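This is what each chain is made of:
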Amino acid sequence: MSGLLIILAAFFLPLFPASLVFNRLAAGTTNPFARLALFIVWPQIGVALILWGDLAPAGTVLATWATLSAIFYAFRMLTVREVGRWAAMLASSAWPLVWLFVMQGPSGSDLIAFTLAMTVAPVLMLLVRDALARRLEAAYTGLRGGLARDLPRLSGVIAVVTLAAMALPLFPGFFALLAVLSGATLGVAIGILLTWLLWSWAGARLLQGTIFGPRSGPIADDLPRSTTWLVAGLVVVMVAAGLIWTGGAV
Amino acid sequence: MIELQWLIPLLPFLAALLVHLLGGRMGKRVARLSVGINLLVVVIAAFQLTAYIAGDTGPQWMGLANGWGSLQLDPLSAIMALVVSGISLVVHIYSIRYMIEEPGYGRFFMLLDLMTGSILLMVMAGDLITLLIAWHLIGVVLYFLLAHNTEPPNAQRYAFWTFITYRLGDLPLVLAAVILFQAYGVLDFPTLFERIAESPDVRTFMNLPVTGTVAFLVALSAFAKSAQFPFHTWLPYTMEGPTPVSALMHAGIVNAGGIIINRFAPVFVHSGEILHLLFVVGLVTALIGSVLMLTQNDIKKSLGYSTMGQMGFMIMETGAGAFALAIFHLIAHGLFKGTMFLGAGNVIGAARKHDGVPNDPLYDFLVERKSAPARLPWLIIGAVTLIVPLVILVMAHAWVAEDFFQKQGAIVLLFFGWITGVQVLFATHRLDSENPVRMMALIILSFALIVVGYSFVGHSFETFLYPDAAFRDSLYSAAGIDAVTFDMLVILLALIVVLGWMGAYLTNVRRQRVDEGHGNARLTLYSLFSREFYVADVYDRMTVTLLDFSKRLNVWLKWS
């Protein structure tokens, strides 16, 4: 029974090749709200399965599989240009790390918090995807670069969200990674660090394809001031939540 | 007193926030706000340093809560806070006019404040996580500062190189922190270092010693941040960023490696092999940096490689056990290099107005290569050149510390001092002068003053930074090697250096062209230098291959 539950959970906390299902589903969901809901709910189903089945997955094979899945999707993110797919691959790279955290025997609330911390950046990136698609007709990096000069508010939001995607301080992903690293073995720790490095590389490429580069001219309206403040508020809340959570996580 | 320490990193962060929020309303005047707050930071840092020296409290530590979020006030943090905030203030003031016509004026000052806050947090961090946060932030903010002008492709390209190298340097420190936390169960530095001193032989993954493994990882981190070979390619290429950023980078940010090694001195003291590694990597970096500096035809890249060479020396000093000297070196180099960058515009401006270069003896000697018709006898000069610097150095160091010559690291530094002194006399004895004896006497007097002054200041600085004499001796002792091997190495190096001088002298006497003889070997060597040892090319090829592979995987899996 527990083996079956673990295989089922591997679709929701995606391990390759089960992760193909989530990525196809994410690519096929066109409604922005449905896509947001998918990103938030999908990994929590995996967490619910683990908590419901009182699963205690362990073993080198599962740890290696999760680590390799994380590295594999982080590596593939390097050449993804559609921001929606980029967000899905980021999620497919971040969520396997939940398995490594589970192996450290955390409490149920810590597990949920950890998964949410790993979900924050992909969800924020979906918002960026929609903002870009609404203005530029398509959310492709490299299609219209140099947004920094002409759409400064949108560029600021893209930069902040990308930093969150790279799991840099003080975003929740940073503390979540420290939490999972604090109980990792050497091989797993190196795998996690490699994943982290690849996120940074992919994030920098995303920034170079959007906000940096020769200016495109006044191609669209910038993000409204109120929306920018809303996103800023959201980010502050997430950072604060991450800081409060780390009191018990590290 | 420690409560006041919080203001030092927090005020620049506050300045960044205010600059961002008030930028629209205040316009260009927002820079004055930033400068004002940074001036306050310098005043507080100066007060803290003075109070620390005057008081008798010793190092202090204060945390916000249990876990992480703490600062410390110790000699290293006190002195570095003043240096960093001081250099940052000068850069701020310089930028007020320099950046006035650049787009994103307010953003630039915001980033400058964020950078100042991050570096100050790094030097004062009281626990592993606070240090990691600051360590990460430095790389991120530097990326945005270097890419401040968002349009030129080269600026973006090299900002990216810097960012990815800094990320490479971030991650070993994370692993080091994880290992320390797993082994000793604490995050704050005072307790951590206490426990390390009590039980330095704790083992970690694969039964490796914790101290050695952590020292190795910290060294890797330092190599990336301080542009050590082969992680150096970002440094000479980052001149596309604004000049004030170059000044701040070369005067402050690139020194992070030396600071972090000093911060983890209680770990390095148990890791002799890693100190040897630091020495070798520093030496290789110093050599390569200096050689590439001499072969560049681009003045900015040349300055970049000069910094790389200096960073090599700094790391080499830590490898010799002279941790305090590395800090002394990075402060001196920071002030010197910062001045060069900030003064470069004025020099260019002056050169445009007065195209006639002053025609004095020094110019004739250095540029026109005209030496004096009347010189002192070569035998006297040879003896003076080889012996006088050694005598001055030995006497000066014996004066400040009698046991100086018991330490191998000190001998190494003395050796480099001797070479430098000989080079100075060797290079200047042919300077045209009406009275060659008086000129030589003046040169020797200047050299003696510099050495004595430096020895005194250096020794006082070392005593301030590491007041525990036993700990200072342990650092030198950890960096030591077998006495016979050491002596053999010193003799071998001395022979190589002396043979090099003789070769240079004979070439000069015979008036040989530099490229005569050994044509192919010289050409190959020059190709290597001019292509900067192909390091950047190798990285480029690796990047292209990896990206191509990633793309193929995505196509094969239909982007799912």
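Residues numbered from 1 in each chain as written. Chains lettered and ligands numbered in written order. Predicted model: local features only at pLDDT ≥ 70, side-chain atom pairs only at ≥ 80, totals over all residues. Heavy atoms only, no water.

### Quick word on the overall build of chain A
Here comes step 1: Along the backbone of chain A there are 12 helices and zero strands.
Here comes step 2: Since a compact globule built from 250 residues should have a radius of gyration of about 18 Å, the 18 Å found for chain A is in line with a globular shape.
Here comes step 3: Overall, the C-alpha framework of chain A stretches about 55 × 35 × 30 Å when taken along its three principal axes.
Here comes step 4: For chain A, with 250 residues in total, the buried portion stands at 62%.
Here comes step 5: Within chain A, counting contacts between residues at least 6 apart in sequence, those at least 24 apart form 81% of the total.
Here comes step 6: For chain A, the accessible surface area stands at approximately 9,400 Å², while carbon and sulfur atoms represent 68% of it.
Here comes step 7: Where the 14 positive side-chain charges of chain A centre and where its 8 negative ones centre are 8 Å apart. (Helix = DSSP H or I, 4+ residues; strand = E, 2+ residues; numbered from the N terminus. Rg over C-alpha atoms; globule rule 2.2 N^0.38 Å. Buried < 20%, exposed > 50% of the residue type's maximum accessible area, 1.4 Å probe, protein only. Contact = heavy atoms within 4.5 Å. Areas by Shrake-Rupley, 256 points an atom, 1.4 Å probe, with all protein chains shown as cover. Lys, Arg positive; Asp, Glu negative; His and termini not counted. Charge placed at Lys NZ, Arg CZ, Asp CG, Glu CD.)

### Focus: the nonpolar core
Here comes step 1: Counting 254 residues, the largest nonpolar core has A:Trp196, A:Trp199, B:Met80, B:Met122, B:Phe264 and B:Phe268 as the members making the most contacts within it.
Here comes step 2: With 17 residues, the top contributor of residues to this core is helix 7 (residues 153–184) of chain B.
Here comes step 3: Residues in contact with B:Phe268, not counting those within four places in the same chain, are B:Ala215, B:Val218, B:Ala219, B:Ile261, B:Ile274, B:Leu275, B:Leu278, B:Phe323 and B:Ala478.
Here comes step 4: In this structure, B:Ile392, B:Leu393, B:Leu425 and B:Val497 belong to the second largest nonpolar core, which totals 21 residues. (Core = buried A, V, L, I, M, F, W, Y, C linked by side-chain atoms within 4.5 Å.)

### Some points on the pattern of salt bridges
Here comes step 1: Counted according to the given criterion, the structure contains 11 salt bridges over all chains.
Here comes step 2: Between A:Asp130 and A:Arg35 there is a salt bridge, and its shortest N-O distance comes to 3.1 Å. In this pair, A:Asp130 is assigned in helix 7 (residues 108–136) and A:Arg35 in helix 3 (residues 32–52), connecting sequence segments 95 residues apart. Each of the two residues, A:Asp130 as well as A:Arg35, counts as buried.
Here comes step 3: Put simply, B:Asp537 and B:Arg531 hold a salt bridge, and the shortest N to O gap is 2.5 Å.
Here comes step 4: Classification of B:Arg531 as partly exposed rests on a relative accessible area of 40%.
Here comes step 5: What emerges from the salt-bridge pattern is a single network uniting A:Arg35, A:Glu82, A:Arg129 and A:Asp130. (Salt bridge = Lys/Arg side-chain N within 4 Å of Asp/Glu carboxyl O.)

### A word on the packing of helix 15 (residues 299–319) of chain B against helix 16 (residues 323–353) of chain B
Two quantities define a packed helix pair, namely the angle between the axes and the distance from one axis to the other.
All names here are of chain B.
Here comes step 1: In contact at an axis separation of 8 Å, helix 15 and helix 16 are set at 165° when each is read in the N-to-C sense. Taken together, the axes of helix 15 and helix 16 lie roughly antiparallel to each other. For the pair helix 15 and helix 16, the crossing hand works out as right-handed. Only Phe 323, Leu 325, Ala 326, His 329, Leu 330, His 333, Lys 337, Met 340 and Phe 341 of helix 16 make contact with helix 15, whose side of the interface consists of Leu 303, Ser 306, Thr 307, Gln 310, Met 311, Phe 313, Met 314, Glu 317 and Thr 318.
Here comes step 2: Tallied by class, residues from the contact of helix 15 with helix 16 come to 10 nonpolar, six polar and two charged. (Axes fitted to C-alpha atoms, helices over the stretch in contact; angles between N-to-C directions. Parallel < 35°, antiparallel > 145°, perpendicular 65-115°, else oblique. Left-handed = near helix turned anticlockwise from the far one by under 90°. Nonpolar A, V, L, I, M, F, W, Y, C, P; charged D, E, K, R; others polar.)

### So, helix 4 (residues 60–77) of chain A
Here comes step 1: Relative to the 26 Å expected for 18 residues at 1.5 Å per residue, helix 4 of chain A spans 26 Å between its end C-alpha atoms, a close match to the ideal helical length.
Here comes step 2: Counting buried residues along helix 4 of chain A, 13 of its 18 residues qualify, which places the element largely inside the surrounding structure. (Expected span 1.5 Å × (residues − 1).)

### Focus: the interface of chain A and chain B
Here comes step 1: Every contact between the two is made by 50 residues of chain A and, on the other side, 41 residues of chain B.
Here comes step 2: Between chain A and chain B the total buried area reaches about 4,200 Å² when both faces are included, carbon and sulfur atoms providing 75% of it.
Here comes step 3: By the criterion of area lost to chain B, the three top residues of chain A are A:Phe75, A:Trp201 and A:Phe212, representing 15% of everything that side buries.
Here comes step 4: There are one salt bridge connecting chain A and chain B.
Here comes step 5: When the shortest N-O distance is used, the salt bridge between A:Arg149 and B:Glu151 registers 2.5 Å. (Buried area = accessible area lost by both parts, 1.4 Å probe.)

### Considerations on the packing of aromatic side chains
Here comes step 1: One pass over the structure, following the stated rule, counts 35 aromatic pairs over all chains.
Here comes step 2: Ring-pair connections join several aromatic residues into one group, and the members of that group are A:Phe12, A:Phe22, A:Phe39, A:Trp42 and A:Trp95.
Here comes step 3: Geometry around B:Tyr105 places B:Lys28 over its ring, the cationic atom sitting 4.7 Å from the centre.
Here comes step 4: Its guanidinium or amino end placed over the ring of B:Trp135, B:Lys225 lies 4.5 Å from that ring's centre, counting from NZ or CZ. (Phe/Tyr/Trp six-rings, centres within 6.5 Å; stacked < 30°, edge-to-face > 60°. Lys NZ or Arg CZ within 6 Å of the ring centre and 35° of its normal.)

### Focus on the domain arrangement of chain B
Residues and elements named next belong to chain B.
Here comes step 1: Considered domain by domain, chain B is made up of domain 1 (1–126), domain 2 (128–355) and domain 3 (372–533).
Here comes step 2: For domain 1 versus domain 2, the distance between C-alpha centres works out to 20 Å.
Here comes step 3: Contacts between the two partners involve 35 residues from domain 1 and, on the opposite side, 37 residues from domain 2.
Here comes step 4: Taking both partners together, domain 1 and domain 2 bury about 3,200 Å²; carbon and sulfur atoms supply 79% of that area.
Here comes step 5: Contact with domain 2 buries area across many residues of domain 1, yet Leu 76, Met 115 and Met 122 alone supply 20% of it, more than any other trio.
Here comes step 6: At the boundary of domain 1 and domain 2, one finds one salt bridge.
Here comes step 7: Put simply, Arg 263 and Asp 74 hold a salt bridge, and the shortest N to O gap is 2.8 Å.
Here comes step 8: Between the two partners, domain 1 and domain 2, sit 10 residue pairs in polar contact (both at pLDDT 80 or more).
Here comes step 9: Mapped onto the side of domain 1 that touches domain 2, the elements with two or more residues apiece are strand 2 (70–73), helix 4 (75–98) and helix 5 (105–124). (Domains from an automatic or database assignment. Polar contact = N/O pair within 3.5 Å; in protein donor to acceptor, adjacent residues only side chain to side chain.)

### Considering the packing of helix 4 of chain B against helix 20 (residues 436–465) of chain B
All names here are of chain B.
Here comes step 1: At their nearest, the axes of helix 4 and helix 20 sit 8 Å apart, and the two run at 125° to each other. The angle between helix 4 and helix 20 places the two elements in the oblique class. Between helix 4 and helix 20, the contacting residues are Pro 75, Leu 76 and Ile 79 on the first element and Phe 461, Phe 464 and Leu 465 on the second.
Here comes step 2: A breakdown of the residues in the contact of helix 4 with helix 20 according to their chemical character gives six nonpolar, no polar and no charged.

### Section: the environment of A:Leu38
All names here are of chain A.
Here comes step 1: Inspection of the secondary structure assignment puts Leu 38 in helix 3.
Here comes step 2: Linking Leu 38 and Leu 51, residues 13 residues apart in sequence, is a C-alpha distance of 20 Å.
Here comes step 3: Ignoring any residue separated from it by four or fewer positions in sequence, one finds Leu 38 in contact with Phe 22, Leu 25, Ala 26, Thr 29 and Pro 43.

### Regarding the confidence of the model for chain A
Here comes step 1: Averaged over every residue, the pLDDT of chain A is 91; residues scoring 70 or more account for 97%.
Here comes step 2: For chain A, helix 12 (residues 225–249) of chain A is the element with the lowest average pLDDT, namely 82, and helix 5 (residues 83–94) of chain A is the one with the highest, namely 97. (pLDDT = per-residue confidence, 0-100.)

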